Amino acid sequence: MAGQNHIVEANPPMAMLAELTHRCPLACPYCSNPLQLKEQSDELSTEDWTRVFQEAAAIGVLHVHFSGGEPASRRDLVQLVKAAADVDLYTNLITSGVGLNEKRMADLVEAGLEHVQLSIQGTTAEEADYIAGYIGGHSRKMDVANWVRSHDLPLTINAVCHRHNIEALEQTIQLSVDLGAQRLEVATVQFHGWAEKNKQALMPTRQQDERARKTVVAARERLKGVLVIDYVPADYHATYPKACMGGWGRVGLNVDPTGRVLPCHAAESIDWLSFDNVREKTLADIWYKGEAFNAFRGFDWMEEPCRSCDRKSVDFGGCRCQAMAMTGNAGATDPVCSKSPMHARLLDQIAEPDDPAQMSPSLIYRGR
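Here the structure is a predicted model, which is why all the values come from computation and not from measurement.

**Quick word on the pairing of strand β1 (residues 15-19)**
Here β1 lies mainly inside the structure; 5 of its 5 residues are buried. Side chains Ala15, Leu17 and Glu19 of β1 all project onto a buried face; the interleaved residues Met16 and Ala18 project onto the opposite face, where all are buried too. For β1 and strand β2 (residues 63-67), the ladder comprises 5 bridges, and the chain directions are parallel. Residue pairing in the sheet places Met16 in a bridge with Val64 of β2. Taking the sense of rotation as the criterion, the β-α-β connection linking β1, helix α1 (residues 46-58) and β2 turns out right-handed.

**Some thoughts on the packing of helix α2 (residues 77-86) against helix α3 (residues 102-111)**
One way to put it is that α2 packs onto α3 with a least axis distance of 8 Å and a crossing angle of 20 degrees. The angle between α2 and α3 falls in the class roughly parallel. Crossing angle aside, the handedness with which α2 passes α3 is right-handed. Side by side, α2 and α3 meet where Leu77, Val78, Val81, Lys82 and Ala85 of the first sit next to Arg104, Asp107, Leu108 and Ala111 of the second. When grouped by side-chain class, the residues that make up the contact of α2 with α3 number 6 nonpolar, no polar and 3 charged.

**As for the side chain of His115**
Topologically, His115 is positioned in strand β4 (residues 115-120). Here His115 falls in the buried class, since its relative accessible area comes to 11%. Side chain to side chain, His115 and Thr156 meet in a polar contact 3.1 Å long. Each residue touching His115, except ones within four places of it in the same chain, is listed here: Tyr90, Thr91, Asn92, Leu93, Leu153, Pro154, Leu155 and Thr156.

**Focus on the packing of helix α6 (residues 169-178) against helix α9 (residues 206-222)**
Contact pair α6 / α9: the axes reach a minimum separation of 10 Å and the direction vectors enclose 30 degrees. With respect to their mutual orientation, α6 and α9 come out roughly parallel. With respect to the hand of their crossing, α6 and α9 are arranged in right-handed fashion. Within the contact between the two elements, α6 uses Leu169, Glu170 and Ile173 and α9 uses Ala212, Thr215, Val216, Ala219 and Arg222. For the contact of α6 with α9, the per-class residue count stands at 5 nonpolar, 1 polar and 2 charged.

**A word on unusual backbone geometry**
A cis amide bond, omega 15 degrees, links Gly68 with the succeeding residue Gly69. With respect to the helices and strands, Gly69 occurs in the loop between β2 and α2. Geometrically, the link from Glu304 to Pro305 is a cis peptide bond, its omega value of 10 degrees lying close to zero. Looking at where Pro305 falls in the secondary structure, it is placed in the loop between α11 (291-294) and α12 (312-315). With a phi close to 60 degrees, Met245 is a non-glycine residue in the positive phi region. Along the polypeptide, Met245 turns up in the loop between β7 (228-232) and β8 (252-255). Even without a glycine there, the phi angle at Phe316 is positive, about 55 degrees. Of note, Phe316 is situated in the loop between α12 and α13 (320-327).

**Examining the pattern of salt bridges**
Pairs can form between side chains of opposite charge once their charged atoms are near each other. Applying the stated criterion across every chain, the model contains 22 salt bridges. A salt bridge links Arg23 to Glu43; the nearest nitrogen and oxygen atoms lie 2.9 Å apart. Of the two residues, Arg23 sits in the loop between β1 and α1 while Glu43 sits in the loop between β1 and α1, which places them 20 residues apart along the sequence. Its relative accessible area of 22% is what places Arg23 among the partly exposed residues. Given the relative accessible area of 9%, Glu43 is considered buried. With its nearest N and O atoms 2.0 Å apart, the salt bridge here joins Asp235 to Lys242. Since its relative accessible area comes to 11%, Asp235 is described here as buried. Residues participating in the shared-partner salt-bridge network are Arg23, Glu43, Arg74 and Asp76.

**Looking at the environment of Ile135**
Relative to the assigned elements, Ile135 resides in the loop between α4 (125-132) and α5 (137-150). Take Ile135: its relative accessible area is 76%, and that puts it in the exposed class.

**Examining the sheet that holds strand β3 (residues 90-95)**
One open sheet holds the 9 strands; their spatial order is β7-β6-β5-β4-β3-β2-β1-β8-β9, and the pairing between them is mixed. Here the strands that pair on one side only, and so sit at the sheet edges, are β7 and β9 (261-262). Looking at chain direction, β4 and strand β5 (residues 155-161) are connected through 5 bridges and run parallel. Pairing of Gln117 across the sheet is with Thr156, part of β5. Strand contacts of α5: β4 and β5, with the helix running at about 160 degrees to β4, the strand carrying the most contacts. Helix-sheet contacts for α6 involve β4, β5, β6 (183-188) and β7, and the interaxial angle to β6 is about 155 degrees.

Thresholds applied
Residues numbered from 1 in each chain as written. Predicted model: local features only at pLDDT ≥ 70, side-chain atom pairs only at ≥ 80, totals over all residues. Heavy atoms only, no water. Buried < 20%, exposed > 50% of the residue type's maximum accessible area, 1.4 Å probe, protein only. Helix = DSSP H or I, 4+ residues; strand = E, 2+ residues; numbered from the N terminus. Pairing = 2+ DSSP bridges. Right-handed = clockwise from strand over helix to strand, strands pointing away. Axes fitted to C-alpha atoms, helices over the stretch in contact; angles between N-to-C directions. Parallel < 35°, antiparallel > 145°, perpendicular 65-115°, else oblique. Left-handed = near helix turned anticlockwise from the far one by under 90°. Contact = heavy atoms within 4.5 Å. Nonpolar A, V, L, I, M, F, W, Y, C, P; charged D, E, K, R; others polar. Polar contact = N/O pair within 3.5 Å; in protein donor to acceptor, adjacent residues only side chain to side chain. Salt bridge = Lys/Arg side-chain N within 4 Å of Asp/Glu carboxyl O.

Structure, rendered in structure tokens:
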């Protein structure tokens, strides 16, 4: 298999995603968590995470993103933020807001929290709570945004776009401005985890994708100096793939709730890879010597047409997990790429049916 038993020189990682738990009160049908969620009983302890943060800082990690599931489901979240801040890691909380209250937010800020990314599932309570599968979630998010603003913390709004809400992108942008956000991340749904099970229901049409791109371009110009808009367009309607994770094993790493270290959040879908655990090895050994991290580093693993393509240092062959899901070969060119021999298969998947009713089947909600 690609990259096995071959170590490629790597720079230190810049960022770490700390997936503290897979527990979450929401049931979003596009959740990127794996279908087989990790149990609470298997989660790393406070002491384990504290050591991981120390090891991360020692190898050059600059910032840690607390994620999940819902990180606020961890009772020790304040302690974990302090542990990361104590070793000078920039601390960012990625949250649904559910599980936070005004006092807990104040405690997090006192512990060293420096940034909040707040997810929204819609611009109205009815729409958002339907997608999240949780009544009252949208109202709590509005409260959390106000608490963040009261502490003068920078706020990013995370908005996953899909067929059901992409037409409301303009309203999403305005809501972000109203909430005092400095940044909005508009991410078209990526089809991993639970989103893969809901692909037919969530896939934006090509027309929706084109309108969204135009909306973002216009809003960036209109809101220059007010709101930064990061836009992750729909993979399936692109000509070339994105450089997934900035290139495999090049920029960042994920630590899952049980301590397994992954090159990206969906990497475990590549079932032949072996993932090391921080309970057994140091983060430095895993980053520099781990089989999973070296599997797709550099260019030697690439097959044609990637190997001779002048874009290989731009997109690094695209998403390995997407290649695995669509071709059964994680070393193949990402089928999103128009040069891929499997691109026709992708086009078949996004073909729109004659019967509009077939475009919106029932959603399969994430297990809790």
